[in-house]
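# Inside the fold
Now for the letters of each chain:
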Amino acid sequence: MEIKKVTCIVCPKGCLIDVKLEDGKIISIENYQCKRGIDYAQNEVLDPRRILTTTVKLSTGGVLPVRTREAIPKKYLKKAMLESKDIVVKPPIKVGDVVVKDIAGTGIDLIATGNAK
Amino acid sequence: MLNKELVIIGGGPAGLAAAIEAKKNGVEDILLIERDSRLGGILPQCIHNGFGLHVFKEELTGPEYADRFIKELEDMNIEVLLDTMVIELTESKQITAVSRKRGLLQIQAEAIILAMGCRERTRGAINIPGFRPAGIFTAGTAQRFVNIEGYMPGKEIVILGSGDIGLIMARRFTLEGAKVKCVAEIMPYSNGLTRNIVQCLQDFDIPLLLSHTVVFIHGNERVEGVTIAQVDENFKPIPSTEKYFSCDTLLLSVGLIPENELSKMADIALHDVTAGPIVNQRMETSVPGIFACGNVVHVHDLVDFVTMEARLAGRGAADYLKNKIPSSEHISVSAGPGITYVVPHKVDPEKILDDKQNFFMRSTKPMEKARLFIESDKDLIRTRVLQHVKPSEMINIELKKEEKV
């Protein structure tokens, strides 16, 4: 049996959750304080994901803040960064507009988090 | 001289929420003054997520969080002056401001809300020996370069201090292709939120050196490296623990200072520990009719709590303008052992808004299963067990009006 310690990041509390694994399967989750913690610990062990936040260039100069609409698998962060490196966006653009569809083949869009006129 | 019912100084998260809340509570004649060319304060450069979990029950980035308030403010037709800096404030609520477009402005306000926020501590504040080359930035300045201007300040980076902005920038630099060699923290524990340690350092295998500090900066024209040493319990470097790290950039994330030059001009009483105004239950300072909220009062770790506090100040100011009755009978609130400070610093229990009061506080050190005692001079009001506390994560306790003694 293997125990993975996961620091929960759902809220600032930062609970240290124990996930017990046997043959790669979760057999129990302990020391959580809320339901969101269970979900987080489970995902963190089986399929860790992160929301990627970065910037892309604006054709008018400066940069536009963007993020993935949802969390993407952690292992795709670098690929998504490389893909967004050469993107140039033309204003006008507003919060929520799609900047790149299906970033790094994750099926998840990169969206604007700022406005540019 | 211009006359205004309510003037708000600062258009960051605190100023925005205070203005909106004051308007919602019946104040019509509001002016918000902002020295930058855009609203939102520091939020537009905080492009990472994690904002809004308390206020909106969803996870937003800084620019998105700001956008919601800016839209609401615009929809309410609240008057805003951008590129305008307040340079003088008097106890009688006279404001002097300057702007390139309008020149010198003088405004007489009936009530004022201070929302000037805070600024970063710099190298000068912590006296690091060594040369004075280019390549030393505060974390927030580097954040502005990368996220707003689109420039990378360096390629090989060492970060001193594990405050949240430093941790966030460690990840940001790494994603952008720079090498972050380490984060050195003089305290035996991190000064950032746990989620930032996990997401920003552990995710990218960036070492966090606790009880370590920079003892020398090398390089003449440009930073070439830093010497880092372990420190003892008195924060003195331990000889023979020095290690050299080559780098072209040193980021400082070594704390924030509330910006209270204007508060001092108006003779507003400041608190020794927070370095911000002493406030009562409705965020009113020692000068009746002048209110304060957000990082100008005490440095927050979550913008959501800034918003909550600012809404209280907005309602407090509306209440003051309606009734003009100052709070008089105050109970003073003081921090006991294990707590560094409590905001508000004093409470008039008869004038609590909404029959409940939030108290924000910080612990002196990390503790497990800490028991918090809330006592009056006569009695124990309430005790509460807190699973994990650490100085970097603010404790928020709500007391009901009937719990007073």
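Every value quoted in this text rests on a predicted model; they were computed, and no experiment measured them.

Turning our attention to the overall build of chain B. For chain B, the count of helices and strands is eight helices and 26 strands. Computed over C-alpha atoms, the radius of gyration of chain B comes to 22 Å, within 12% of the 22 Å expected from 2.2 N^0.38 for 405 residues, which places it in the range of a compact globule. Projected onto its principal axes, the C-alpha coordinates of chain B cover approximately 65 × 60 × 40 Å. Across the 405 residues that make up chain B, the buried fraction comes to 55%. In chain B, 62% of the contacts between residues at least 6 apart in sequence involve partners at least 24 apart. Working note: accessible area of chain B is about 17600 Å², and carbon and sulfur atoms make up 50% of it.

Residue and element names in this part refer to chain B. Reading across from one edge, β21-β23-β26 is the order of the three strands in this open sheet, with antiparallel pairing throughout. At either margin of the open sheet sits one strand with a lone partner, and together these are β21 (339-343) and β26 (395-400). When strand polarity is set aside, the average angle formed by the axes of neighbouring strands in this sheet is 25°. Where β21 meets strand β23 (residues 356-363), four bridges bridge the pair, whose relative direction is antiparallel. Bridge pairing in β23 places V343 opposite F360.

So, on to the domain arrangement of chain B. Residue and element names in this part refer to chain B. In terms of domains, chain B is made up of domain 1 (1-120 + 255-326), domain 2 (122-254) and domain 3 (327-405). Averaged C-alpha coordinates put domain 1 and domain 2 at centres separated by 31 Å. Opposite the 14 residues of domain 1 that make contact, domain 2 presents 19 residues. Taken as a group, Q45, H48 and E120 account for 48% of the area that domain 1 buries against domain 2, more than any other trio of residues on that side. Across the salt bridge formed by R144 and D36, the nearest N and O atoms sit 4.0 Å from each other. Taken together, the links from domain 1 to domain 2 amount to eight residue pairs in polar contact (both at pLDDT 80 or more).

Another aspect to go through is the confidence of the model for chain B. In this model, chain B carries a mean pLDDT of 94, and residues with pLDDT of at least 70 account for 99%. Prediction confidence for the complex, expressed as pTM and ipTM, is 0.92 and 0.87 respectively.

The interface is formed by 28 residues belonging to chain B together with 24 residues belonging to chain A. For the pair chain B and chain A, the summed buried area comes to about 2200 Å², and 57% of that belongs to carbon and sulfur atoms. At the junction of chain B and chain A, the tally comes to three salt bridges. Of the charged contacts, one joins B:D203 and A:K74 as a salt bridge, the two residues approaching to 3.1 Å between their closest N and O atoms. At the boundary of chain B and chain A, one finds seven residue pairs in polar contact (both at pLDDT 80 or more). Of all the secondary-structure elements, those providing two or more residues to the side of chain B that touches chain A are α2 (62-75), α4 (139-149), α5 (164-175), α6 (194-201) and β25 (380-389) of chain B. The residue inventory of the side of chain B that touches chain A, partitioned by class, reads 10 nonpolar, nine polar and nine charged.

Judged by side-chain polarity, B:M85, B:I87, B:V98 and B:L104 come together as a nonpolar surface patch covering roughly 330 Å² of accessible area. Within the secondary structure layout, B:V98 lies in strand β7 (residues 94-99).

By the assigned domains, chain A splits into domain 1 (2-46) and domain 2 (53-112). On a C-alpha basis, the centres of domain 1 of chain A and domain 2 of chain A stand 30 Å from each other.

As a further point, take unusual backbone geometry. All names here are of chain A. Following P91, the chain continues to P92 via a peptide bond in cis, the omega torsion being 5°. By the secondary structure assignment, P92 is in the loop between β8 (88-89) and β9 (98-100). For D23, which is not a glycine, the phi torsion comes out positive at approximately 50°. One can find D23 in the loop between β2 (16-22) and β3 (25-30). Exposure remark for D23: the relative accessible area of 79% places this residue in the exposed category.

Residue and element names in this part refer to chain B. Along the polypeptide, G161 turns up in the loop between β11 (156-160) and α5. Classification of G161 as buried rests on a relative accessible area of 8%. G161 sits 30 residues away from N191 along the chain, and the two C-alpha atoms are 7.6 Å apart.

Residue and element names in this part refer to chain A. Within helix α2 (residues 77-84), burial applies to L77, A80, M81 and S84. Here the buried residues of α2 occupy an arc of 100° about the axis, which is enough to place them on one side. Exposed side chains of α2 directed beyond 90 degrees from the buried face belong to K78 and L82.

This part is about the packing of helix α1 (residues 13-24) of chain B against α2(B). All names here are of chain B. Interaxial distance between α1 and α2 falls to 10 Å at its minimum, and their mutual angle equals 35°. Note on packing geometry: the crossing formed by α1 with α2 is left-handed. Here α1 contributes L16, A17, A19, I20 and K24 to the contact with α2, which in turn contributes A66, F69, I70, E72 and L73.

The next thing to look at is the packing of aromatic side chains. Any aromatic ring pair is given by two values, namely how distant the centres are and how the planes are angled relative to each other. All names here are of chain B. Overall, the coordinates contain seven aromatic pairs over all chains when judged by the stated rule. Between F56 and Y65 the ring centres are 5.5 Å apart and the planes differ by 75°, which places this aromatic pair in the edge-to-face class. Judged by relative accessible area, which is 0%, Y65 ranks as buried. Seen in terms of ring centroids, F291 and Y320 are 6.1 Å apart; in terms of plane orientation they differ by 70°. Their pairing is edge-to-face. Of this pair, F291 sits in strand β19 (residues 290-292) while Y320 sits in helix α8 (residues 303-323), and the two are 29 residues apart along the sequence. Comparing F291 with Y320, the two get one shared label, buried.

In this section: the nonpolar core. Residue and element names in this part refer to chain B. Among the nonpolar cores identified, the biggest contains 72 residues, and L6, I9, I95, I113 and L114 are the most heavily contacted of them. Top element by residues in this core is α8. It accounts for 10 residues. Structurally, this core is a two-domain feature, drawing no fewer than three residues from each of domain 1 (1-120 + 255-326) and domain 3 (327-405). Residue contacts for L6: discarding those within four places in its chain leaves A22, V27, D29, I30, L31, A111, I112, I113, A317 and L321.

Conventions used here
Residues numbered from 1 in each chain as written. Chains lettered and ligands numbered in written order. Predicted model: local features only at pLDDT ≥ 70, side-chain atom pairs only at ≥ 80, totals over all residues. Heavy atoms only, no water. Helix = DSSP H or I, 4+ residues; strand = E, 2+ residues; numbered from the N terminus. Rg over C-alpha atoms; globule rule 2.2 N^0.38 Å. Buried < 20%, exposed > 50% of the residue type's maximum accessible area, 1.4 Å probe, protein only. Contact = heavy atoms within 4.5 Å. Areas by Shrake-Rupley, 256 points an atom, 1.4 Å probe, with all protein chains shown as cover. Pairing = 2+ DSSP bridges. Axes fitted to C-alpha atoms, helices over the stretch in contact; angles between N-to-C directions. Domains from an automatic or database assignment. Buried area = accessible area lost by both parts, 1.4 Å probe. Salt bridge = Lys/Arg side-chain N within 4 Å of Asp/Glu carboxyl O. Polar contact = N/O pair within 3.5 Å; in protein donor to acceptor, adjacent residues only side chain to side chain. pLDDT = per-residue confidence, 0-100. Nonpolar A, V, L, I, M, F, W, Y, C, P; charged D, E, K, R; others polar. Patch = residues over 30% accessible without salt bridge, like charges linked within 9 Å, V, L, I, M, F, W, Y side chains within 5 Å. Arc of directions from axis to C-beta. Left-handed = near helix turned anticlockwise from the far one by under 90°. Phe/Tyr/Trp six-rings, centres within 6.5 Å; stacked < 30°, edge-to-face > 60°. Core = buried A, V, L, I, M, F, W, Y, C linked by side-chain atoms within 4.5 Å.

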